[in-house]
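Structural description and commentary
Here is what each chain is made of, one letter per residue.
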Amino acid sequence: RAKIVIYNIIGQEVETLFNGPAQIGHHEIIWNGKNKFGQLISSGVYIAHMVTNQKFMQSKKMMIIK
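Residues numbered from 1 in each chain as written. Predicted model: local features only at pLDDT ≥ 70, side-chain atom pairs only at ≥ 80, totals over all residues. Heavy atoms only, no water.

Okay, the environment of Asn-8 next. Secondary-structure assignment places Asn-8 in strand β1 (residues 2-8). Along the chain, Asn-8 and Tyr-46 lie 38 residues apart, while their C-alpha atoms are 4.6 Å from each other. Excluding anything up to four places from it in sequence, Asn-8 contacts Val-14, Val-45 and Tyr-46. At 2.7 Å, the side chain of Asn-8 forms a polar contact with the side chain of Gln-12. (Helix = DSSP H or I, 4+ residues; strand = E, 2+ residues; numbered from the N terminus. Contact = heavy atoms within 4.5 Å. Polar contact = N/O pair within 3.5 Å; in protein donor to acceptor, adjacent residues only side chain to side chain.)

Shown next as structure tokens:
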């Protein structure tokens, strides 16, 4: 299992991109820049956070500029 979530800079969940089983290997997920309500997000800094059931965690900082 894997879960990929986007958070804003103050730690609020913006969108869950993936939450479910995943095969081992390379995958690509494209985020459309919308929140969980379908609204376009504003410019700013966001964090993409991935967790797997294999105890792997990784976060990446992103900057959205419009």
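Next comes the rest of the write-up.
Right, let's talk about unusual backbone geometry for a bit. Of note, Lys-55 is a non-glycine position whose phi angle comes to about 70 degrees, a positive value. With respect to the helices and strands, the residue Lys-55 is situated in the loop between β3 (44-52) and β4 (57-64). Here Lys-55 falls in the exposed class, since its relative accessible area comes to 76%. (Buried < 20%, exposed > 50% of the residue type's maximum accessible area, 1.4 Å probe, protein only.)

That's the geometry; what it means functionally is another story.
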